[in-house]
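# Structural overview for review
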Amino acid sequence: MRHLKSSLVGSLTFICGLVLSGCSGSFVTNSSVVGTLTISSSTVNFGQVAVGNTASANITLSNQGSGPVEISELNLTGQSFAMSGGGSLPITVGPTSSVTFIIQFNPGASGSATGQLTIASNASNESSASVALNGMGVPLLTGLNCVNGSILGSEADSCTVSLNAAAGSSGLAVSLTSDDSAIVVPASVTVAAGANNAEFTANASAVTATQAAMLTANAGGVAETFAVQLDAATSVLGVSTASLTFGNVAVNSAVTESLVLSSTGTVPVTISAASTAGANFTISGSGLPVTLAPGQTTTLSVQFDPTVAGAASGQLLLTSNSGGGSPTVIGLSGTGVPALTGLSCASGTITGAGTDSCTVTLNTAAASGGFLINLTSNNSLATVPVSVTAAAGASSATFTVNVSPVASAETAILTASAGGSSESFTLDLNTSSPILSLSASSIDFGDVVTNIPATQTVVLTSTGGSAVTVSAASVSGTGFTASGATLPLTLNPNQTATLTLQFDPTVTGSTTGDLSITSNSSDGALKRIGLQGRGVPRLSQLSCSSTTITGAGTDNCTVATNSTVPSGGLNVNLTSNNSSFLVPASMTLAAGSSGGSFSATVSAVNVAQAVTVSAIATGISASASVELEAASIALSV
C-alpha cells in the first residue's frame, strides 16, 4: 500500500495536476467553513488490456461546499495500478474547485487484477472515501508464422500464432482468415491457458498459376499476417541451348556436340524420345526414356558426320511431358568441308634456282564457292602462295613453289592445311656444284678360289647440281683390276656409271688394295674404295680308303687341295647320298695343310648299294664312289 501524507501550515500554494479547475493560488487555514468532497466515480473498470500495454482513467475530486477541503492522504493498492497528477500532499481544493488524478493499469501477466484508491480528507460529508479499481490483463498477439512460405500443388502447411505472455485461465481465442480460397484456415484457434502459442493447419489446393495468399490472425484488436506463395505443379523441360552449331567439319569425320537437358519445373519431367531431322545428324548415347527430378540434368550427344561438302541443317526433336509444349525443337547446323588427303610435287628435288608444280588433293569435291587451303614452307628459299583455292566441284588444286639457289644441300617442308587437317611434302634443294657419289666405301670379295676370278660392281652417281667429270681410276693390290668405264667420263646430274672390279688370286692368303677415283667433285677430288679378298685353294680330290665295304664298319676318306690352305683354315661341307654311309656335315682344313681326312660310319645293308660322297668348298666340289655289299653266310663241309 502506498501512503501519501502531509500537513498544511499557514497558507498553501499548489499546482492542480493534469486537469485542475477552479483552484486559487492560496487559502487561509483558519477558515471555520469546511467544504464537501465528491468523487467522479466509485469504481474504475479498465476492461481487457494487453500485457505490456498501459490503460489510463481519470478520477476527479470536486468540492461542492463553500469552504476548502484538505486531502491529506491517498492510498493506492493493486500491483498493476499506478497513479499520477494532483500535486504534492496535502492538497487543498477550494470551493467549487476540483482536482483530477490519473490512474494507470499496466498488466504484467494475463488474468484479473483489482486495486483500490483510498482518499483521506477533512471534507464535511466524509473523512474517508474509496474508488474500486479492476482490469483484465490479456496476452498480446505478436506473431503468425507457417513452416512453408511456398506451397507446391495440393499440400498442408503447419502454422503457429504466438503471444507475448501466457494465456489466462480461460485461454485466448485468435480469429483466422485467408484472402485466397485456394488455401483454407480454421475460423479461429484457441491458445490454451498457460500457453504462449497455438498451432493450426492451412490446407492448400493445387493451382494452375502462381498465386500469393495472405493469412491473418486477430486477437484483442491486434492483427498479424503471413504471406504464402502457392506454386503451380508443372513439369518443364529446359535445354542448354536453342540451337547447336557444328561449324566446319571435314567430310567423313564425325564431330559431337553435347546438349544438357534439365528439369526446370516444380515436378519431374519425363523425356520419352528424341529424334533428328536432316541428313548426317544423329543422336548417340541418349539413354531415353529418362525422368528428371526438379533441378536434375542429363546430357544428350548429337553427332554431325557430313558425307559431302556444303552447308547442312536439321532439327533435334525432344518428346516429353513438359508443360511448355512438346516436342521441344533444337536447331542443328553445320558445314561439311573437304578433308586434305595429299600434297605432292612433280619433282622431289630441285637443283639451284627453279620451280616445281605441286598439287593438293581432297577427299571430296569442293562445294559452291570453292575451298580455301592455306600453304606454308619452313624454308625461306622455297616460297609458296599464302593459299590456294580448290574450285567448286574440284577435288584438287595446284600451285607453284619457287626455289632460290642454296649454298649447300637443304630440305624444305611444304604444308597445306584446311578444315582442321593438314598434309606435308619434303622438297630436296641441291646446290649447283658437281658432286660424285660412290655406291660403296669398301668391297670385300671374301674367299676366292685361286685362278678363278670373282667380280663386284661400284656405281658412280652425279648427285650435285651440275655435271661431274671422272678423269681417272686406278687400282692397287695384287689380283685386283677394274673395267667397264672409259675415262675420262662426264656424268650429268643424277646420271650414273658402273665400274666392274675383279679379284683373281694366284696364291692363297689375304690380299688388300684400293680403288682410287679422281674427279672434279666439289666434296673431294680423290675418293678411295678399300678392297680386300682371300685366295683359297681348290678341292682337287676326294677318295676313300675302301671302295667296297661288306656289312657294318667304318671308312676313312681324304680331301686334297691343289695348294696349301691359308691362315684361318678352309671350311669344307660334306654330304652322302646314302643314309647307310654317314659322314660329318663339315670339316675344316688346317692352315698350311694341303688336305684332311674324315671318318664315315657304315651300316649293314641287305642288298648291294652304291654310295656317292661329296665335298664342297668355295663353290668347287669333289666326289668319290663306294660300294656297299650285303653280308652272306656260307656253310663249308
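Being a predicted model, the structure only gives us computed values, none of them experimental. (Residues numbered from 1 in each chain as written. Predicted model: local features only at pLDDT ≥ 70, side-chain atom pairs only at ≥ 80, totals over all residues. Heavy atoms only, no water.)

It is worth spelling out the overall build of the protein chain at this point. Looking only at helices and strands, the protein chain has zero helices and 56 strands in total. Computed over the C-alpha atoms, the radius of gyration of the protein chain is 65 Å, more than 25% above the 26 Å expected from 2.2 N^0.38 for a compact globule of 637 residues. Dimensions of the protein chain, computed from the C-alpha atoms along their principal axes, are close to 200 × 95 × 60 Å. The burial tally for the protein chain puts 38% of its 637 residues in the buried class. Split by element, the accessible area of the protein chain, about 29600 Å² in all, is 48% carbon and sulfur. Taken together, the 6 basic and 24 acidic charged side chains of the protein chain have centroids lying 20 Å from each other. (Helix = DSSP H or I, 4+ residues; strand = E, 2+ residues; numbered from the N terminus. Rg over C-alpha atoms; globule rule 2.2 N^0.38 Å. Buried < 20%, exposed > 50% of the residue type's maximum accessible area, 1.4 Å probe, protein only. Areas by Shrake-Rupley, 256 points an atom, 1.4 Å probe, with all protein chains shown as cover. Lys, Arg positive; Asp, Glu negative; His and termini not counted. Charge placed at Lys NZ, Arg CZ, Asp CG, Glu CD.)

Geometrically, the link from Leu89 to Pro90 is a cis peptide bond, its omega value of -10° lying close to zero. Within the secondary structure, Pro90 sits in the loop between strand 7 (81-84) and strand 8 (91-93). Going from Leu288 to Pro289, the amide bond is cis rather than trans, its omega being 0°. Take Pro289: it is sitting in the loop between strand 25 (281-284) and strand 26 (290-292).

As a further point, take the sheet that holds strand 15 (residues 172-178). The five strands lie next to each other as 13-20-19-15-17, forming an open sheet whose pairing is mixed. This sheet does not close on itself; its edge strands, each paired only once, are strand 13 (150-152) and strand 17 (188-191). For this sheet, the mean angle separating the axes of adjacent strands, direction not counted, is 25°. (Pairing = 2+ DSSP bridges. Axes fitted to C-alpha atoms, helices over the stretch in contact; angles between N-to-C directions.)

Along the chain, Asn164 falls in the loop between strand 14 (155-163) and strand 15. Relative accessible area serves as the criterion here: at 35%, Asn164 is assigned to the partly exposed category. If we skip the residues at most four places from it in the chain, Asn164 touches Val51, Pro139, Leu140, Thr142 and Asn196. In this structure the side chain of Asn164 is engaged in a polar contact, spanning 2.7 Å, whose partner is the backbone nitrogen of Leu140. (Contact = heavy atoms within 4.5 Å. Polar contact = N/O pair within 3.5 Å; in protein donor to acceptor, adjacent residues only side chain to side chain.)

Here the structure, examined in full by the defined rule, presents three disulfides. Through a disulfide, Cys146 is tied to Cys159; the S-S separation comes to 2.0 Å. Here the disulfide of Cys146 and Cys159 is right-handed, its torsion about the S-S bond being about 100°. In this pair, Cys146 sits in strand 12 (residues 141-146) while Cys159 sits in strand 14, placing the two residues 13 residues apart along the sequence. Assigned by exposure class, Cys146 and Cys159 land together as buried. (Disulfide = S-S within 2.5 Å.)

Time to look at the side chain of Asp356. Along the chain, Asp356 falls in strand 32 (residues 354-362). Once you skip the residues sitting within four places of it in the chain, Asp356 turns out to touch Cys345, Ala346, Ser347, Gly348, Ile350, Phe399, Thr400, Val401 and Leu427.

Right, let's get into the nonpolar core. Grouped together as the largest cluster of nonpolar side chains are 29 residues, with contacts concentrated most on Val161, Val174, Ile183, Leu215 and Leu230. Those elements that provide at least two residues to this core are strand 12, strand 14, strand 15, strand 17, strand 18 (197-204), strand 19 (211-219) and strand 20 (222-231). Residues contacting Leu230, with those up to four places away along its chain left out, are Ile151, Asp180, Ala182, Ile183, Ala204, Val207, Ala209, Thr210, Gln211 and Ala213. (Core = buried A, V, L, I, M, F, W, Y, C linked by side-chain atoms within 4.5 Å.)

Moving on, we get to the sheet that holds strand 21 (residues 237-239). Here four strands make up an open sheet; going across it, the order is 21-23-27-25 and the pairing antiparallel. If you trace the sheet from one side to the other, it starts and ends with strand 21 and strand 25, each paired once. Across the sheet, the axes of successive neighbouring strands diverge by a mean angle of 35°, strand direction being ignored.

With eight bridges connecting them, strand 23 (residues 255-263) and strand 27 (residues 297-304) associate as antiparallel partners. Directly across from Ser258, in strand 27, lies its bridge partner Ser301. Where strand 25 meets strand 27, four bridges bridge the pair, whose relative direction is antiparallel. When the bridges of strand 27 are listed, Ser284 appears paired with Ser301.

A few words on the confidence of the model for the protein chain. Detailed conclusions should not be drawn from predicted coordinates in areas where pLDDT is low. Chain-level pLDDT for the protein chain is 87 on average; 94% of the residues reach the 70-or-more range. Taken together, the stretch residues 1-31 has pLDDT below 50 and engages in 70 contacts with residues farther than four places along the chain or on a different chain. (pLDDT = per-residue confidence, 0-100.)

Attention shifts here to the environment of Asp180. Residue placement: Asp180 occurs in the loop between strand 15 and strand 16 (183-184). Given the relative accessible area of 12%, Asp180 is considered buried. Linking Asp180 and Ala213, residues 33 residues apart in sequence, is a C-alpha distance of 5.4 Å. Setting aside chain neighbours within four positions, we find Asp180 in contact with Gln211, Ala212, Ala213 and Leu230. A polar side-chain atom of Asp180 sits 2.8 Å from the main-chain amide nitrogen of Ala182.

In this section: the pattern of salt bridges. One pass over the structure, following the stated rule, counts two salt bridges. Notably, a salt bridge pairs Lys527 with Asp523, separated by 3.1 Å at the nearest N-O pair. The exposure class of Lys527 is buried, given its relative accessible area of 16%. For Asp523, a relative accessible area of 48% translates into the label partly exposed. (Salt bridge = Lys/Arg side-chain N within 4 Å of Asp/Glu carboxyl O.)

Side chains Gly596, Phe598, Ala600 and Val602 of strand 54 (residues 595-602) all project onto a buried face; the interleaved residues Gly595, Ser597, Ser599 and Thr601 project onto a face where none is buried. Here eight bridges tie strand 50 (residues 553-561) to strand 54, and the two strands are oriented antiparallel to one another. Bridge pairing links Asp555 to Ala600 in strand 54. One ladder, built from two bridges, connects strand 52 (residues 581-582) with strand 54; its direction is antiparallel. By the bridge assignment, Phe581 is partnered in strand 54 with Val602.

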